[in-house]
Amino acid sequence: MKMNECTSRTWTKVAEIPTDDFSIEGITRAIYKEFGEPMFDDILEAIADGYIQVCDDGIILWMS
């Protein structure tokens, strides 16, 4: 699924970050490049909890 196709009625989209590196390090670098600071201590936990959504063309950061 593409980033622009993802919606939620209960969560707010914080950022859409284009990337093609979906490794833990790649996601961490993409978030750091976008915000200038780390946002999550544990990327895998943030994905499992729904704060990070991995799409075909990048990642989406959500807040509840």
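Everything in this summary refers to the structure shown in the same document. (Residues numbered from 1 in each chain as written. Predicted model: local features only at pLDDT ≥ 70, side-chain atom pairs only at ≥ 80, totals over all residues. Heavy atoms only, no water.)

What to know about the overall build of the protein chain
Operational definition: Under the DSSP-based scheme used, a helix requires at least four consecutive residues in state H or I and a strand at least two consecutive residues in state E, with every element numbered from the N terminus. In this description the radius of gyration comes from C-alpha coordinates, and the expected globular size is given by 2.2 Å times residues to the power 0.38. Whether a residue is buried, partly exposed or exposed follows from its accessible area with a 1.4 Å probe, protein chains only, as a fraction of its type maximum: under 20%, in between, or over 50%, in that order. Here a residue-residue contact requires only that any non-hydrogen atoms of the pair lie within 4.5 Å.
Tallying secondary structure elements over the protein chain gives two helices and three strands in all. When its helices and strands are written in sequence order, the protein chain yields β-α-α-β-β. For a compact globule of 64 residues, the expected C-alpha radius of gyration is about 11 Å, and the protein chain comes in at 11 Å, within 12% of that figure. If one aligns the C-alpha atoms of the protein chain with their principal axes, the spans along those axes are about 30 × 20 × 20 Å. Out of the 64 residues in the protein chain, the part that is buried amounts to 28%. Contacts in the protein chain between residues far apart in sequence, at least 24 positions, make up 55% of those at least 6 positions apart.

So, the sheet that holds strand 1 (residues 12-18)
Basically, it comes down to this: Paired strands, in this sense, are two strands between which DSSP finds at least two bridges. Every angle, taken between N-to-C directions, lies between 0 and 180 degrees, and every axis is a line fitted to C-alpha atoms, over only the stretch in contact when it is a helix.
Spatial ordering of the open sheet is given by 1-3-2, a layout of three strands whose pairing is antiparallel. Looking at strand neighbours, the two that pair on one side only are strand 1 and strand 2 (52-55), the edges of this open sheet. The sheet shows a mean angle of 20° between the axes of neighbouring strands, direction not considered. Note that strand 1 and strand 3 (residues 58-63) share six bridges and pair antiparallel. Bridge assignment links Lys13 to a residue of strand 3, and that residue is Trp62. Packing against the sheet, helix 1 (residues 24-35) makes contact with strand 1, strand 2 and strand 3, and its axis sits at approximately 110° to strand 1.

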